[in-house]
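Reading the structure
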Amino acid sequence: KVHHARFRVGVGSLLKASPYDAIRRGDVDVVAVRMSDMLDLSVDWLALAAVISREDPREALVTSAATVQTTLAGLPEGATVYTGSRLRTLQIKARHPHLQVDSGLTDFQKRLRLQGEGDFEACVASMAELSSVGLDEADSRVCPLEADEVMPCFGQGSVGLVCHPNH
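The text that follows walks through the structure, step by step, so that each part is easy to find. Computed from a predicted structure; not experimentally measured. Numbering of residues starts from 1 in each chain and follows the order in which that chain's sequence is written. With the structure being a predicted model, the display of local features is reserved for residues of pLDDT at least 70 and the display and counting of side-chain atom pairs for 80 or more, all residues being used for whole-chain, interface and lining totals. Hydrogens and water are ignored here; the side-chain numbers use all heavy atoms of the structure.

Re the sheet that holds strand β6 (residues 100-102)
Whether parallel or antiparallel, the strands of a sheet pair through hydrogen bonds between backbone atoms. Only strands joined by at least two bridges in the DSSP assignment are considered to pair. Runs of H or I in DSSP of at least four residues are treated as helices and runs of E of at least two as strands, each being numbered from the N terminus. Strand order in the open sheet formed by five strands is β6-β5-β7-β4-β8, with mixed pairing between adjacent strands. The sheet terminates laterally at β6 and β8 (142-144), the two strands that pair on one side only. Adjacent strand axes in the sheet meet at a mean angle of 25 degrees when their direction is disregarded. We call two residues contacting when some pair of their heavy atoms lies within 4.5 Å. Axis lines are fitted through C-alpha atoms, for helices just across the contact stretch, and the angle between N-to-C directions can take any value from 0 to 180 degrees. Most of the contacts of helix α3 (residues 108-116) go to strand β7 (residues 122-126), to which it runs at about 155 degrees, and overall it touches β4 (59-63), β5 (80-82) and β7.

In structure tokens, the structure reads:
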């Protein structure tokens, strides 16, 4: 016998408050969240219900068509690389001291637009982020990076469904 239930579903980025707070308050039953943003599951009011198929977890270097590069090391001295991630910022600064890293809090699509307008030479983003805006490695500006150049964060490219364990 199949029981049909009506669930209130939230998407982490669309909820005004924390998606976890919405679950705790009972505003929603299930929330889709990026696994790289996953909260510690040691709390008793949150459970991981499922993990959706993983996208490409690699990081990628995005350059302009005029300055196509395949590695961060290939960028010129003093080139500015933009990334919205503290983890990426730390790795790039440690491994590529010849680069300037800008990690201001700007949404992903704005970062790509600014990079295309020449505000900085390159952008480092996840392949999953790029895929969400229709870019992939077939685009000559996109070059996936190996993990020894920029290690992806834990859970990158995965979406999890979280819920209250009693629902």
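The structure having been displayed, the exposition proceeds.
Quick look at helix α2 (residues 86-95)
Relative accessible area decides the class of each residue, using a 1.4 Å probe on protein chains only: under 20% of the type maximum gives buried, over 50% gives exposed, and in between gives partly exposed. Buried residues of α2: R88, T89, Q91 and I92, and no others. Those residues of α2 that are buried are in contact with β4, β5, β6, α3, β7 and α4 (127-132). For α2, the N-terminal cap is S85; the gap from its side-chain oxygen to the backbone nitrogen of L87 is 3.2 Å. Nitrogen and oxygen atoms within 3.5 Å of one another constitute a polar contact, given that in protein one can donate a hydrogen and the other can accept it, and given that sequence-neighbouring residues count only through two side-chain atoms.

What to know about the packing of aromatic side chains
Given two aromatic rings, one states the distance between the centres and the angle between the planes to describe the pair. Classification of ring pairs rests on two measures: the distance between centres of Phe, Tyr or Trp rings, Trp counted by its six-membered ring, which must be within 6.5 Å, and the angle between planes, read as stacked under 30 degrees, edge-to-face over 60 and tilted in between. Counted according to the given criterion, the structure contains one aromatic pair. Between the aromatic rings of Y82 and F120, the centroid separation amounts to 5.2 Å while the plane-to-plane angle is 25 degrees, which identifies the pairing as stacked. Placement of the pair is Y82 in strand β5 and F120 in the loop between α3 and β7, with a sequence separation of 38 residues.

Some words on the pairing of β7
Burial within β7 is extensive, with five of its five residues counted as buried. Across the two faces of β7 the burial is the same, with A122, V124 and S126 and C123 and A125 all buried. Inspection of the sheet shows β4 paired to β7 by five bridges, in the antiparallel sense. The residue of β7 that forms the bridge with A60 is A125. One ladder, built from two bridges, connects β5 with β7; its direction is parallel. Bridge pairing in β7 links Y82 to C123.

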